[in-house]
Amino acid sequence: MTIVCGQVPPAVIGAGGGLGDLVYPVDGIPAAGNALLADPAETVVVLGIEVILEEALAFAEQLRIERPQVGVILLRESLDIAVLTQAIRAGIREVVPVSEAHLLLEAVERIRQLSARVPLLPAAASGAPRGQVVTVFSAKGGTGKTTISTNLAVALAEGGTYRVCLVDLDLAFGDVAISLQLNPRRTVVDALSLGEELDSAKVASLVTNYSPGLDCILAPVEPGDAEKIPASLVAEILALLGGMYDYVVIDTPAQFSEHVLVALDASHHHVLITTPEVPALKNLRLTLDMLDLLSYSRNSRLIVFNRSDADVGLSAADVERVVKSPITAHVPSSREVPASINRGTPLTAEQPEHAVSRAIRLFAQEHVIGEPVAEVARRSGRGLRLRRR
Ligand SMILES: Nc1ncnc2c1ncn2[C@@H]1O[C@H](COP(=O)(O)OP(=O)(O)OP(=O)(O)O)[C@@H](O)[C@H]1O
Ligand SMILES: [Mg+2]
């Protein structure tokens, strides 16, 4: 039943069409929240014109985290671009003028169809440990960190079982927004104006939604803003995200910055990327030595050999010999990868059966979902003591 809060056009509820008996009327946001609690399968809430905008926005923000499958439709007297912008930012799916009953019915139908394609398994029911943090790193630029992290996040979120947050920690030159065609209206820089004490509601206000179940924290638009973000702030955000999502995937720059160390500290999985090129391999060897030196747990390491089939003279056996570690996953090379980035849709979402998509999905299922790590890889006895600013 569609939960309807407040007044809606008679044609929507009335006999002979509309939603008919399938409406569950409630008289305020708290009652709508209770109705959702009572019906875990419900996927649509309509908020009528008398619902105060700020309350509607806060409700949608909360639902986006707690019940990402629920679509909120907001009715207003007329369409106003400022309201529309705020509504989209809050995660409201559609804003409909109250006079257009047919548009409301179509919006309800769209949300129902989308939800039918996404199984409604609540994350807790899956039995997976919550808040597994995955840092994707390579000390060599251009090896495929952004490609692997975006596609991994999509693969973890697909099916709707898990809630995933992708964090772009390449603070100066992050590519996540452009790779996913997201408008970076909110970025991690906005965390600076959220006051001293962060909490999950404040962190929720930083995220940009990509698809049901997948949110992103985007890198600053101006490269100069990267310097304003203390590593301790990143640590706080990551700690809170761990309690809000099933998986947090972190894309990184190609250097051992303080921010990257904070991410490695907070991570259950260190996904280390190499390609079949001598400099990439050399840097992976140095990275592994560095991680050993910093006493990170070896249990957290997953080595991904990207472009593994590129016939350039270095085989998987060569890689394993040099890095003295087994390769966890092989991702083939394909022109479809840059083409998908140019189209702004990760290959895993666009062509789920492509060899690259299959390799990343298998990696996600077998090694990230399938092998949860109980403890973060934090360096023993060398914990960073970080203070904000
Ligand atoms: N499996 C692949 N097949 C073909 N091209 C790939 C593959 N993986 C990555 N690429 C291409 O390699 C380039 C670098 O990839 P990507 O941006 O993901 O690397 P990165 O490590 O994030 O780079 P940077 O260090 O600059 O952030 C991109 O043009 C991407 O399309
Ligand atoms: Mg990158």
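If you're wondering where the values come from, they're calculated on a predicted model, not measured in any experiment.

**Student:** Help me understand empty space enclosed by the protein in this model?
**Tutor:** To find leftover empty space, a probe the size of one water molecule is rolled over the atoms. As enumerated under the stated definition, the model contains 4 cavities of 30 Å³ or more in all. In this structure, the largest cavity encloses a volume near 70 Å³. What lines the largest cavity is Thr146, Thr147, Thr150, Asn151, Ser179, Val337, Ser340, Ile341, Thr345 and Pro346. Counting residues per element, the ones that place at least two in the lining of the largest cavity are helix H6 (145-157) and helix H13 (336-343). Residue classes in the lining of the largest cavity are distributed as 3 nonpolar, 7 polar and no charged.

**Student:** How should the site of ligand 1 be read in this particular structure?
**Tutor:** Around ligand 1, a shell composed of 16 residues is seen, among which Lys145, Thr146, Thr147, Asn306 and Pro332 lie nearest. One of the backbone nitrogen or oxygen atoms of Gly144 is found 3.0 Å away from an oxygen atom of ligand 1. Measuring from a nitrogen atom of ligand 1, one finds a backbone N or O atom of Pro332 at 2.9 Å. In the complex, 79% of the free accessible area of ligand 1, which totals 630 Å², lies under the protein chains. Going through the elements one at a time, H6 and H13 are the ones with two or more residues in the shell around ligand 1. Counted by class, the shell around ligand 1 contains 4 nonpolar, 9 polar and 3 charged residues.

**Student:** Can you walk me through unusual backbone geometry in this structure?
**Tutor:** Although it is not a glycine, Gln181 adopts a positive phi angle of roughly 55 degrees. Topologically, Gln181 is positioned in the loop between helix H7 (176-179) and helix H8 (200-204). A positive phi angle, close to 60 degrees, is found at Ser295, a residue other than glycine. Residue Ser295 is classed as partly exposed on the basis of its relative accessible area of 32%.

**Student:** Mind showing me how you'd approach H6 here?
**Tutor:** In an α-helix, one turn spans 3.6 residues; hence positions three or four apart end up facing the same way. For H6, which comprises 13 residues, the first-to-last C-alpha distance of 18 Å matches the rise-based estimate of 18 Å (1.5 Å per residue) to within 8%. Among the 13 residues that make up H6, 13 are buried, leaving the element largely enclosed by the rest of the structure.

**Student:** How should I be thinking about the pairing of strand S6 (residues 132-137) in this particular structure?
**Tutor:** Consecutive side chains along a regular strand alternate between the two faces of the sheet. When you tally the buried positions in S6, you get 6 out of 6 residues, the bulk of the element. Sheet topology note: the S6/strand S10 (residues 247-251) ladder contains 5 bridges and is parallel. By the bridge assignment for S10, Val134 is matched with Val249. The sheet contact formed by S6 and strand S11 (residues 269-274) spans 4 bridges and is parallel. Looking at the pairing, Thr135 lines up with His270 of S11.

**Student:** I would appreciate a short explanation of the pairing of S11 in the present structure.
**Tutor:** For S11, the tally of buried residues reaches 6 of 6 residues, placing the bulk of the element in the interior. Of the two faces of S11, the one lined by His269, Val271 and Ile273 and the one lined by His270, Leu272 and Thr274 are each fully buried. Where S11 lies against strand S12 (residues 301-306), 5 bridges are found, and the strand directions are parallel. Along S12, the bridge assignment pairs Ile273 with Val304. Note that the unit made of S11, helix H11 (residues 278-293) and S12 has a crossover that is right-handed.

**Student:** Please explain helix H3 (residues 53-66) as it appears in this structure.
**Tutor:** Between its terminal C-alpha atoms H3 stretches 20 Å, which fits the 20 Å expected from 14 residues at 1.5 Å a residue. All of the buried residues along H3 are Leu53, Ala56, Leu57, Phe59, Ala60, Leu63, Arg64 and Ile65.

**Student:** I would appreciate a short explanation of the packing of H3 against helix H4 (residues 81-90) in the present structure.
**Tutor:** The relative placement of two packed helices is expressed as an angle between their axes plus a distance between the axes. Orientation of H3 relative to H4, taken along the N-to-C sense of each, is 25 degrees, at an axis distance of 8 Å. On the basis of their axis angle, the class for H3 and H4 is roughly parallel. Here Leu53, Leu57, Ala60, Glu61 and Arg64 of H3 lie close against H4, whose contacting residues are Val83, Gln86, Ala87, Arg89 and Ala90. Its residues assigned to classes, the contact of H3 with H4 shows 6 nonpolar, 1 polar and 3 charged.

**Student:** What is the right way to read the nonpolar core from this model?
**Tutor:** The biggest cluster of nonpolar side chains holds 35 residues, and the ones touching the most others in it are Leu152 and Val164. Ranked by residues supplied to this core, first place goes to H6 with 7 residues. When sequence neighbours within four positions are dropped, the list of residues in contact with Val164 reads Ala153, Leu156, Ala157, Gly213, Leu214, Asp215, Tyr245, Tyr247 and Val249. Among the nonpolar cores identified, the runner-up in size contains 31 residues, and Val167, Ala191, Leu241 and Ala263 belong to it.

Rules of the game
Residues numbered from 1 in each chain as written. Chains lettered and ligands numbered in written order. Predicted model: local features only at pLDDT ≥ 70, side-chain atom pairs only at ≥ 80, totals over all residues. Heavy atoms only, no water. 1 Å grid on protein atoms, 1.4 Å probe; cavity = no way out; pocket = protein on both sides within 12 Å on 5 of 7 lines; lining within 4 Å. Points joined across faces, edges and corners; volume = space filled by probe spheres on them. Helix = DSSP H or I, 4+ residues; strand = E, 2+ residues; numbered from the N terminus. Nonpolar A, V, L, I, M, F, W, Y, C, P; charged D, E, K, R; others polar. Near = heavy atom within 4 Å. Polar contact = N/O pair within 3.5 Å; in protein donor to acceptor, adjacent residues only side chain to side chain. Areas by Shrake-Rupley, 256 points an atom, 1.4 Å probe, with all protein chains shown as cover. Buried < 20%, exposed > 50% of the residue type's maximum accessible area, 1.4 Å probe, protein only. Expected span 1.5 Å × (residues − 1). Pairing = 2+ DSSP bridges. Right-handed = clockwise from strand over helix to strand, strands pointing away. Axes fitted to C-alpha atoms, helices over the stretch in contact; angles between N-to-C directions. Parallel < 35°, antiparallel > 145°, perpendicular 65-115°, else oblique. Contact = heavy atoms within 4.5 Å. Core = buried A, V, L, I, M, F, W, Y, C linked by side-chain atoms within 4.5 Å.

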